[in-house]
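# A structural walkthrough
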Amino acid sequence: MELKLDEYDKKIISYLQEDSSISNIELSKKIGLAPSSCLLRVKNLKEQKVLKQFTAVVDEKILGFEITCFVKVAMQPLNRETSTQFIDEVNKIPEVTECYTITGEAAFMLKIVAKNFQYYRNFIFDKLLSVPHVSNVETSIVVATEKKTNLIPLD
């Protein structure tokens, strides 16, 4: 079900996607609404789950995570029970920053950050391959990031 957003809602979402730390007063000025109306709209967007959370975007490289990998994970057997168990285990591993159920030969695609190649090797053997029913792991290492955004187009 697609949610209908008016121009004010779209402006609110756009500004908050760019900088979620903007004050309500500043946001209301930018979109041309009274602060109380702006605050009510933000509250409604939260309640409708359009705005899921407000967070800071961290530069992983500055924190020492030099490697980003995308890892396809195959399961054997692949069924609801083993998938649920895998997801539960992956949610406990901080190096896994994203996890997707995908189609194809692999069941899952993970985004992983690692400090270096040795760290990643240890991660694979000590953490990922120790998860029950993981039958195959295929890694693609990011050489360069050409585009990275959390902005969702509104038109």
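The rules we used
- Residues numbered from 1 in each chain as written.
- Predicted model: local features only at pLDDT ≥ 70, side-chain atom pairs only at ≥ 80, totals over all residues.
- Heavy atoms only, no water.
- Core = buried A, V, L, I, M, F, W, Y, C linked by side-chain atoms within 4.5 Å.
- Buried < 20%, exposed > 50% of the residue type's maximum accessible area, 1.4 Å probe, protein only.
- Helix = DSSP H or I, 4+ residues; strand = E, 2+ residues; numbered from the N terminus.
- Contact = heavy atoms within 4.5 Å.
- Expected span 1.5 Å × (residues − 1).
- Arc of directions from axis to C-beta.
- Pairing = 2+ DSSP bridges.
- Axes fitted to C-alpha atoms, helices over the stretch in contact; angles between N-to-C directions.

This paragraph deals with the nonpolar core. Counting residues in each nonpolar core, the largest one holds 20 residues, and the members touching the most others are V71, V73, F86, L110, Y120, F123 and L128. Secondary-structure elements contributing two or more residues to this core are β1 (67-75), α4 (80-90), β3 (108-114) and α5 (117-128). For this core, the leading source of residues is β1, giving 5 residues. Sequence-distant contacts of L128, defined by excluding residues within four places in its chain, comprise V71, V73, F86, L110, F123, V134 and V137. Counting 11 residues, the second largest nonpolar core, distinct from the first, contains I22, I31, C38 and V42.

With that out of the way, let us pick up helix α1 (residues 7-18). Taking 1.5 Å as the rise per residue, α1 with 12 residues should run 16 Å; its terminal C-alpha atoms sit 17 Å apart, in good agreement. For α1, the set of buried residues is D9, K10, I12, I13 and L16. For α1, the buried positions fall inside an angular range of 160° around the axis, keeping them on one side. Opposite its buried face, α1 presents the exposed residues E7 and E18, each directed more than 90 degrees away. At its buried positions, α1 is contacted by α2 (24-31) and α3 (35-47).

Trans peptide bonds make up most of the peptide bonds, and negative phi angles are found at most residues other than glycine. Here the bond from Q76 into P77 is cis, since omega is -5°, no more than 30 degrees from zero. For P77, the location among the structural elements is in the loop between β1 and α4. You will see that K49, though not glycine, has its phi angle at about 70°, which is positive. Residue H133 is not a glycine yet carries a positive backbone phi of 75°. Here H133 is to be found in the loop between α5 and β4 (134-141).

By the criterion of burial, β3 is predominantly enclosed, with 7 of the 7 residues buried. Of the two faces of β3, the one carrying F108, L110, I112 and A114 and the one carrying M109, K111 and V113 are both buried. Alignment of β1 against β3, held across 7 bridges, turns out to be antiparallel. Paired with V73 across the bridge in β3 is F108. Two strands pair when backbone bridges link them, and strand β2 (residues 96-101) and β3 are joined in this way by 5 bridges, in the antiparallel orientation. By the bridge assignment, T101 is partnered in β3 with F108.

Taken in spatial order, the 4 strands of this open sheet run β2-β3-β1-β4, and their pairing is antiparallel. Strand pairing shows two members of the sheet lacking a second neighbour, β2 and β4, which therefore form its edges. Here the strands of the sheet are splayed against their neighbours by 20° on average, with no regard to which way each runs. Sheet contacts for α4: β1, β2, β3 and β4; angle to β3, the most-contacted strand, approximately 15°. Across the face of the sheet, α5 comes into contact with β1, β2, β3 and β4 while running at roughly 135° to β3.

Honestly, that's just the spatial picture; any functional story needs more than this.
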